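Residue-level structural notes
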Amino acid sequence: MDAEVLVIGAGPAGMTAALQLQRSGIRPLLVEQDRPGGALLNAGLVENYPGFPAGVSGPALVARFLDHHRSIGGEIVAARVARVSPAGNAWAISMSGQEILARCVVVATGTVPLKLDIPGEAELAGRRVFHELRDLPPETSGTVAIIGGGDVAFDYALTLARRGTRVSFIMRSGTPQCLPLLRERVAACPNIYLILNAAPARLEESGDSVRVHFREGGPEPVISDGLLVAIGRRPDTSFLAAGIAAQPPLWFAGDVVNGSFRQVGISVGDGLRCAMEINRYLRGNR
Ligand SMILES: Cc1cc2nc3c(=O)[nH]c(=O)nc-3n(C[C@H](O)[C@H](O)[C@H](O)COP(=O)(O)OP(=O)(O)OC[C@H]3O[C@@H](n4cnc5c(N)ncnc54)[C@H](O)[C@@H]3O)c2cc1C
C-alpha cells in the first residue's frame, strides 16, 4: 500500500484531517492541486472563527493553519487527483501522472466557482475576468467590476474597497442575498457603486479594460480594469468513479458535502471528525 490514508485537498478540512491523523500516529498523504488554503485564501475578513475577536483575514488564518501543519512535521504534496476508483479493499488513485494505492481516502476538495456562461467569459478568463479574488493581478485592480449578490461578492467588494479599488458592484436582482451587516458596510463605502437589476449579456475586451454589456433595457455598459465573477460555488467530484458512496473506507469533509453551510469552522470540525473515525476504523481493521 502506498498510503494508509490519502487526503485530497489542503483547505481547512483537509489540513485539519491531516493534523488529527498525524496526532493519532497515522502519517497521511495530503495532496493539493493549487496553493494550500483553498477558498479561505479569498476571504477578506473572517469574523466567525473563534479565537479572533477582531476578525482575521483569510490568508492570515491559512498562514496559521500552515504553521500548525508544519509544526507537527506535516507535508503537502503538489498533485491533482484525476481519478479515484475501487481496487479490491483499497483505492486506486491516479494523480498527476502517478498511480498509487490508498487504503482510506478523505475527499476534502471544497467547491469551484460557478460561471456566467455568457460570450466573452471563457476567452477573457485569467486575463481580464477572474472567478476567485486570489487570482486577481494587481494591474487589473484599479477599477474592478464584481458580479454577484451573496456574502462572497460582498466580502470581495469590501476587501477591494479597503485596498483603494473603485468597485462597480453589479447585481442581477434588486435584493442582495447577504448578511445585513455586510450590506450596511457596503452602503457606507464611498468607492463602491451599486448597479442593481442588471443582467450581464456579454463581455468584451476594450484596450486595457473589460466591458460588461447588459441585456436589452439594462444600464449602459460598465468598463473596468478587471471583472470578478462571484455568483456561487459548487462541488466538483467528477474525479470519483461512478457509484462511490460516502462510507468507510472513504470519507467526505468540508464544503464538498455541506451545501450552503460553507464555513471554516464547519470544515475544520468535519476534518477532525473524519480523522477520528478513520483512526477507529483502522484500529479495528489492523
Ligand atoms: C470570499 C470568501 C469569504 C469567506 N468568508 C468566510 C467567513 O467569513 N467565515 C467562514 O467561516 N467561512 C468563510 N468562507 C468559506 C470558507 O473559506 C470555506 O468554508 C472553507 O475554505 C472550506 O474549506 P474546505 O477545506 O472544505 O474547502 P476548500 O477551502 O475549498 O479547499 C479545498 C481544496 O481542495 C483542493 N482540491 C480540489 N480538487 C482537488 C483535486 N482533484 N486534487 C487535489 N486538490 C484538490 C482545492 O484546490 C482546495 O485547495 C469564505 C469563502 C470565500 C470564498
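Before reading further, recall that the structure is shown in the block above.
Description of the structure in this document. (Residues numbered from 1 in each chain as written. Predicted model: local features only at pLDDT ≥ 70, side-chain atom pairs only at ≥ 80, totals over all residues. Heavy atoms only, no water.)

Regarding the environment of Ser260
The test is simple: Runs of E in the DSSP output that reach at least two residues are strands. Runs of H or I that reach at least four are helices, and both are numbered from the N terminus.
For Ser260, the position within the fold is in the loop between β17 (250-252) and α6 (264-285). For the pair Ser260 and Gly9, spaced 251 residues apart in the sequence, the C-alpha separation amounts to 19 Å.

Concerning helix α2 (residues 58-71)
Using the following cut-off: Multiplying 1.5 Å by the helix residue count minus one yields the expected span of that helix. Three exposure classes are used, based on accessible area relative to the maximum for each residue type with a 1.4 Å probe and protein chains only: buried under 20%, partly exposed in between, and exposed over 50%. Our arc is simply the arc of the directions from the helix axis toward the C-beta atoms. Between N or O atoms, a polar contact is any pair within 3.5 Å; within protein, one atom must be a potential hydrogen donor and the other a potential acceptor, and residues adjacent in sequence are included only when both atoms are from side chains.
For α2, spanning 14 residues, the distance from its first C-alpha to its last is 20 Å, which sits close to the expected 20 Å at 1.5 Å a residue. Within α2, burial applies to Gly58, Leu61, Val62, Phe65, Leu66 and His69. Summarising the axial view, the buried residues of α2 lie within an arc of 140°, below the 170-degree limit, and thus occupy one face. Exposed positions of α2 whose direction lies more than 90 degrees from the buried face are Arg64, Arg70 and Ser71. For α2, the side-chain oxygen to backbone nitrogen distance between the N-cap and Ala60 is 3.1 Å, and the N-cap itself is Ser57. Phi turns positive, to about 80°, at Gly73, one or two residues after α2.

Thoughts on the sheet that holds strand β15 (residues 226-229)
We count it as follows: Whether two strands pair depends on DSSP finding at least two bridges between them. Here a residue-residue contact requires only that any non-hydrogen atoms of the pair lie within 4.5 Å. Angular values range over 0 to 180 degrees, each being the angle between N-to-C directions of two axes fitted as lines to C-alpha atoms, with helices fitted over their stretch in contact.
Pairing in this open sheet of five strands is parallel, and the strands run β8-β15-β9-β10-β11 from one edge to the other. Two strands lie at the open edges of the sheet, namely β8 (129-130) and β11 (192-195), each paired on one side alone. Contacts between helix α4 (residues 151-162) and the sheet are confined to β9 (143-147), β10 (166-170), β11 and β15, with β10 contributing the most and set at about 165° to the helix.

Some remarks on the pairing of β15
Of the two faces of β15, the one lined by Gly226 and Leu228 and the one lined by Leu227 and Val229 are each fully buried. Looking at chain direction, β9 and β15 are connected through four bridges and run parallel. Directly across from Val144, in β15, lies its bridge partner Gly226.

With respect to the state of the cysteines
Which entries qualify depends on this criterion: Here, a disulfide means two cysteine sulfur atoms that sit within 2.5 Å of each other.
Under the counting rule described, the total for this entry stands at zero disulfides. Take Cys178: it sits in no disulfide, and the sulfur closest to it among the cysteines is that of Cys189, at 13 Å. You can call Cys178 buried: its relative accessible area is 12%. Assessed through its relative accessible area of 19%, Cys189 is described here as buried.

Thoughts on the sheet that holds strand β14 (residues 222-224)
Strand order in this open sheet of three strands is β12-β13-β14, and the pairing throughout is antiparallel. Sheet topology places β12 (200-206) and β14 at the edges, where each strand pairs with a single neighbour. Going from strand to strand, the sheet's axes swing by 20° on average, the running direction of each strand aside. Note that β12 and strand β13 (residues 209-214) share six bridges and pair antiparallel. If you follow Glu205 over to β13, its bridge partner there is Val210.

Notes on the site of the ligand
What counts, and what does not: Any residue with a heavy atom positioned within 4 Å of a molecule or strand is treated as near that molecule or strand. For every accessible area listed, the method is Shrake-Rupley and the probe measures 1.4 Å; residues are considered covered only by the protein chains on display. Note that domain bounds follow an automatic or database assignment of domains.
The local shell around the ligand holds 34 residues, among which Glu32, Asn48, Asp255, Gln263 and Val264 are the closest. Within the contact set of the ligand, an oxygen atom lies 3.4 Å away from a backbone nitrogen or oxygen of Leu40. Here an oxygen atom of the ligand and a side-chain polar atom of Gln263 are 2.7 Å apart. Protein chains shield 92% of the accessible area of the ligand, which is 1000 Å² for the free molecule. Those elements giving two or more residues to the shell around the ligand turn out to be α1 (12-23), β2 (29-32), α4 and α6. A per-element tally of the shell around the ligand places α4 first, with three residues. Two domains each put at least three residues into the shell around the ligand: domain 1 (3-111 + 235-285) and domain 2 (114-231).

With respect to the environment of Val81
Within the element layout of this structure, Val81 appears in strand β4 (residues 81-87). Once the C-alpha coordinates of Val81 and Val31 are considered, the two residues, 50 residues apart in sequence, prove to be 7.9 Å apart. Apart from residues no more than four positions distant in its own chain, Val81 is found in contact with Ile8, Val31, Ile93, Ser94, Met95 and Phe239.

All quantities given are derived from atomic positions and should not be read as evidence of function.
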